[in-house]
Amino acid sequence: YAGKQWYLTIDKQVKEYNCVRLPTDMACYVYFIGEVLHGILTLHVDDLQSCGSEEFEKNVMNKLYGVFDFKEIHSGDFKCLGWKISQMGSNIYIDQHDYINSKVKYMDDKVPSGKTLKSKIPEDLKKELRQNLGRVRWVGDQTRPDVAFDLLYLSCSVHEATYDDIRRYNNVVTTLIKTKIKLKIVKIPGKRWYITIFADASLKSLPGGDEKCVMA
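Quantities reported herein were computed from a predicted structural model and do not represent experimental measurements.

## What to know about the overall build of the protein chain
In terms of regular secondary structure, the protein chain is built from seven helices and eight strands. In terms of C-alpha radius of gyration, the protein chain reaches 22 Å, well past the compact-globule figure of 17 Å for 216 residues. Taken along the three principal axes of its C-alpha coordinates, the protein chain extends 70 × 40 × 35 Å. When each of the 216 residues of the protein chain is scored for burial, the buried share is 31%. For the protein chain, long-range pairs separated by at least 24 residues make up 56% of all intrachain contacts whose partners lie at least 6 apart in sequence. Total accessible area on the protein chain stands at roughly 14800 Å², and carbon and sulfur atoms take up 55% of it. With 32 positive and 28 negative side-chain charges, the protein chain shows a spacing of 3 Å between the two charge centroids.

What follows is the structure in structure tokens.
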């Protein structure tokens, strides 16, 4: 209830400053002067992220600071939701190195006597694998597309996971720790852009069949 009330309160306030909520994202607002975009503001629970011109800072953000008592205000390099965000020149860089080092853990992948890599793991290990996958999926979905397929595979097979799946998970952890990747966000030149999408790259290569995985 408190979260909803906060959202309704901040939603009403930013609209009073002529910000427009996107119809495709209930937590994203844009601020125009005439036909020129001057600012963007996004919400995540009680956190706000913004960027924009001096006019946007003056007409929107500074007014918000006067209405609400924000605990901390950061600019430049900062951390948010497990992201480390930094700016160099006109480029923005995002990485999750600190999150990986503090939250992502290896699992014991020793195969017990009498078992093989294809043997199903007990329920306690299955629960641990689910928990660890949740942490790692946050990285894979946000900044590490290089491990996306392995995480999809593990998410599909976790219901009937084997010791081999634990080893696959540990290989993902090794890749995350040893391969340091930063996403670079640049201003795209031009005014006309095209997006090309390639689908079904994993057709017939997921455990239990693709149809089963989608339903899971």
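Now that the structure is up, let's keep going.
## Remarks on the nonpolar core
Core analysis: the largest hydrophobic core is formed by 21 residues, its most contacted members being Val 104, Ile 121, Leu 129, Leu 133, Val 136, Tyr 169 and Leu 176. Counting residues per element, the ones that place at least two in this core are helix H3 (97-103), helix H4 (123-142), helix H5 (148-157) and helix H6 (163-178). Looking at this core element by element, the count peaks at six residues for H6. In contact with Tyr 169, other than residues within four places in its own chain, are Val 104, Lys 105, Tyr 106, Met 107, Leu 129, Asn 132, Leu 133, Val 136 and Leu 154. With 14 residues, the next largest nonpolar core counts Leu 43, Val 60, Met 61 and Phe 70 among its residues.

## Some thoughts on the pattern of salt bridges
Summed over the entire model, instances satisfying the criterion amount to eight salt bridges. The salt bridge partner of Lys 15 is Asp 11, with a shortest N-O separation of 3.2 Å. Of this pair, Lys 15 and Asp 11 both sit in helix H1 (residues 2-16), four residues apart, which is roughly one turn of the helix. Overall, Asp 11 belongs to the buried group, its relative accessible area being 8%. In this structure, the salt-bridge partner of Asp 146 is Arg 144, at a minimum N-O distance of 2.9 Å. Relative accessible area serves as the criterion here: at 39%, Asp 146 is assigned to the partly exposed category. Among the residues examined, Arg 144 registers a relative accessible area of 1% and is labelled buried. The structure contains a network of salt bridges with shared partners spanning Asp 11, Lys 15 and Arg 21.

## Digging into the packing of H4 against H5
Two elements in contact, H4 and H5, have axes separated by 10 Å at closest approach and are oriented at 150°. When the axes of H4 and H5 are compared, the pair comes out roughly antiparallel. When the axes of H4 and H5 are compared, the crossing they make is left-handed. Listed contacts from H5 to Leu 133, Val 136, Arg 137 and Gly 140 of H4 are Leu 151, Leu 154 and Ser 155. Broken down by class, the residue content of the contact of H4 with H5 amounts to four nonpolar, two polar and one charged.

## Let's talk about the pairing of strand S4 (residues 47-52)
Bridging between strand S3 (residues 36-44) and S4 involves six bridges; their strand directions are antiparallel. When the sheet's bridge partners are listed, His 44 is paired in S4 with Asp 47. The turn joining S3 and S4, which pair antiparallel and follow one another in sequence, is formed by two residues; a positive phi near 55° is taken by Val 45.

Cut-offs and rules
Residues numbered from 1 in each chain as written. Predicted model: local features only at pLDDT ≥ 70, side-chain atom pairs only at ≥ 80, totals over all residues. Heavy atoms only, no water. Helix = DSSP H or I, 4+ residues; strand = E, 2+ residues; numbered from the N terminus. Rg over C-alpha atoms; globule rule 2.2 N^0.38 Å. Buried < 20%, exposed > 50% of the residue type's maximum accessible area, 1.4 Å probe, protein only. Contact = heavy atoms within 4.5 Å. Areas by Shrake-Rupley, 256 points an atom, 1.4 Å probe, with all protein chains shown as cover. Lys, Arg positive; Asp, Glu negative; His and termini not counted. Charge placed at Lys NZ, Arg CZ, Asp CG, Glu CD. Core = buried A, V, L, I, M, F, W, Y, C linked by side-chain atoms within 4.5 Å. Salt bridge = Lys/Arg side-chain N within 4 Å of Asp/Glu carboxyl O. Axes fitted to C-alpha atoms, helices over the stretch in contact; angles between N-to-C directions. Parallel < 35°, antiparallel > 145°, perpendicular 65-115°, else oblique. Left-handed = near helix turned anticlockwise from the far one by under 90°. Nonpolar A, V, L, I, M, F, W, Y, C, P; charged D, E, K, R; others polar. Pairing = 2+ DSSP bridges.

Interpretation note: all reported values are geometric properties and have no functional meaning in isolation.
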